[in-house]
Amino acid sequence: MEIQKLHEQTMLGNKRDLTKKHADILETRYTLSNFYPISRLTQKMDNVLTASENLKSKPAPSNTYHYVVEPVTDKDKDDILAMLRKFFFKDEPLNTFLDLGHCPELEEYSLKCIKDNCSFKAVHNNGELIGVFLNGLLRRPPPNTEPVKAADSCQHAKFKKILSLFDRIEEHFNIFDLYPDCDVILDGKILSVNTDYRGLGIAGKLTESTLEYMKEHNIPVMHVLCSSHYSARVMEKLGFHEVYRLNYADYKVNGEAVLRPAEPHVAVRSLVKEIGEVKTKSAP
């Protein structure tokens, strides 16, 4: 999963120490008693987005408060892709470090989760797409199943480096190991808001709709993989907590650190949010 670099550019109790080779799996928490209600965090989330932007966007007119959050459908793909090209791809820290440029394989990779019918969009009353949260469904694999390496079939040399990072994470961390009774986990992939409309609570409302979908479909855990310091910070403000971390300096290929995005982006992090009572255990 990939989550938006939400700066300038895809949720408490006992503690357990978790360890993995080449990475630190941090504490898991088991209740939501100390989480703020999502509605109270809506404005806070977009305040973080705006503060971390380091850019002055033109003021949004007063009628920008009139928007609706709706499920994403296949018909939205072109509009979503246009939005991601403008507000997400060019600013995501790994894309920036690699100078990725136009990458059709990245675009296809980003949109393929739409088929799971659990993504949401924010639409202004003038019809403009102003925010999107692309989500997918992770399903527990059968025992002894070897994960498919996404990088093996990638023909784009630079994007292949990013997929290789994701493959390495899958080798060393399986989210289902933490939740032995969960067969389906919702995976938040990309959260993006038009910079002209930040500060209106859009990112929080998209997250709220995602959590409501989980309640309706009895999915107790949401997972996000954050390549950006800023996106991880936003999700933490929404009650997500870290369960896995791989520092970029520790990710090496043939003894060399190959991904070194600019600070403060020092690690790729998995965070989760449990929305109900769910059994957890430490990874072996």
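Shown above is the structure to which this text applies.
Only a predicted model underlies this, so the values are computations on that prediction, with no experimental measurement involved.

1. Digging into the overall build of the chain
- The secondary structure content of the chain amounts to seven helices and eleven strands.
- The 284 residues of the chain split such that 52% are buried.
- Here the chain has roughly 13,500 Å² of accessible surface; of this, 49% comes from carbon and sulfur atoms.

2. A look at helix α7 (residues 229–237)
- Within the sequence span of α7, burial applies to Tyr230, Ser231, Ala232, Val234 and Met235.
- A side-chain oxygen of the first residue of α7 lies 3.1 Å from the backbone nitrogen of Tyr230; this N-cap is Ser228.
- A positive phi of about 95 degrees marks Gly239, the residue just after α7.

3. Digging into the packing of helix α2 (residues 77–87) against helix α4 (residues 104–111)
- In the contact formed by α2 and α4, the axes pass within 11 Å of each other and the chain directions differ by 125 degrees. Judged by the angle between their axes, α2 and α4 are oblique. The two elements α2 and α4 meet at a crossing, and its hand is right-handed. Contacts between α2 and α4 involve Lys77, Ile80, Leu81, Leu84 and Arg85 from the former and Glu107, Ser110 and Leu111 from the latter.
- Tallied by class, residues from the contact of α2 with α4 come to four nonpolar, one polar and three charged.

4. A short note on the packing of α4 against helix α5 (residues 157–172)
- Running from N to C, α4 and α5 cross one another at 40 degrees; their axes reach a closest spacing of 10 Å. Touching Glu105, Leu106 and Tyr109 of α4 are Phe159, Leu163 and Phe166, all from α5.

5. Some remarks on the pattern of salt bridges
- Scanning the entire structure with this criterion turns up 13 salt bridges.
- Here Lys77 and Asp74 are joined by a salt bridge, their closest N and O atoms 3.9 Å apart.
- When its relative accessible area of 32% is taken as the criterion, Lys77 is described as partly exposed.
- Residue class for Asp74 comes out exposed when judged on its relative accessible area of 52%.

6. A few points about the packing of aromatic side chains
- Counted according to the given criterion, the structure contains four aromatic pairs.
- Seen in terms of ring centroids, Tyr109 and Phe159 are 5.7 Å apart; in terms of plane orientation they differ by 75 degrees. Their pairing is edge-to-face. Residue Tyr109 is found in helix α4, and its partner Phe159 is found in helix α5; the two are separated by 50 residues along the sequence.
- Using a relative accessible area of 1% as the deciding quantity, one classes Phe159 as buried.
- A ring pair is formed by Phe120 and Tyr213, whose centres lie 6.5 Å apart and whose planes are at 70 degrees; its orientation type is edge-to-face. Separated by 93 residues along the polypeptide, Phe120 in strand β4 (residues 120–124) and Tyr213 in helix α6 (residues 202–216) bring together distant segments of the chain. Comparing Phe120 with Tyr213, the two get one shared label, buried.

7. Remarks on unusual backbone geometry
- Omega for the bond connecting Glu263 with Pro264 falls within 30 degrees of zero, at 10 degrees, which places this linkage in the cis form.
- By the secondary structure assignment, Pro264 is in the loop between β10 (256–257) and β11 (267–274).
- Phi at Asn117 takes a positive value of approximately 60 degrees, unusual for a residue other than glycine.
- Position of Asn117 among the secondary structure elements: in the loop between α4 and β4.
- Relative accessible area serves as the criterion here: at 53%, Asn117 is assigned to the exposed category.
- The phi dihedral of Asn218 is positive, around 55 degrees, even though this residue is not glycine.
- In this structure, Asn218 sits in the loop between α6 and β7 (221–226).

8. A look at the nonpolar core
- The biggest cluster of nonpolar side chains holds 46 residues, and the ones touching the most others in it are Ile80, Leu84, Leu134, Phe159, Leu165, Ile175 and Tyr179.
- For Ile175, the contacting residues outside a window of four places in its chain are Leu138, Ile185, His223, Val243 and Val272.
- Core analysis: the second largest hydrophobic core is formed by 28 residues, Tyr67, Tyr197, Ile202 and Ala203 among them.

Basis of the calculations
- Residues numbered from 1 in each chain as written.
- Predicted model: local features only at pLDDT ≥ 70, side-chain atom pairs only at ≥ 80, totals over all residues.
- Heavy atoms only, no water.
- Helix = DSSP H or I, 4+ residues; strand = E, 2+ residues; numbered from the N terminus.
- Buried < 20%, exposed > 50% of the residue type's maximum accessible area, 1.4 Å probe, protein only.
- Areas by Shrake-Rupley, 256 points an atom, 1.4 Å probe, with all protein chains shown as cover.
- Polar contact = N/O pair within 3.5 Å; in protein donor to acceptor, adjacent residues only side chain to side chain.
- Axes fitted to C-alpha atoms, helices over the stretch in contact; angles between N-to-C directions.
- Parallel < 35°, antiparallel > 145°, perpendicular 65-115°, else oblique.
- Left-handed = near helix turned anticlockwise from the far one by under 90°.
- Contact = heavy atoms within 4.5 Å.
- Nonpolar A, V, L, I, M, F, W, Y, C, P; charged D, E, K, R; others polar.
- Salt bridge = Lys/Arg side-chain N within 4 Å of Asp/Glu carboxyl O.
- Phe/Tyr/Trp six-rings, centres within 6.5 Å; stacked < 30°, edge-to-face > 60°.
- Core = buried A, V, L, I, M, F, W, Y, C linked by side-chain atoms within 4.5 Å.

So, to be careful, I would describe these as geometric facts and stop short of saying anything about function.
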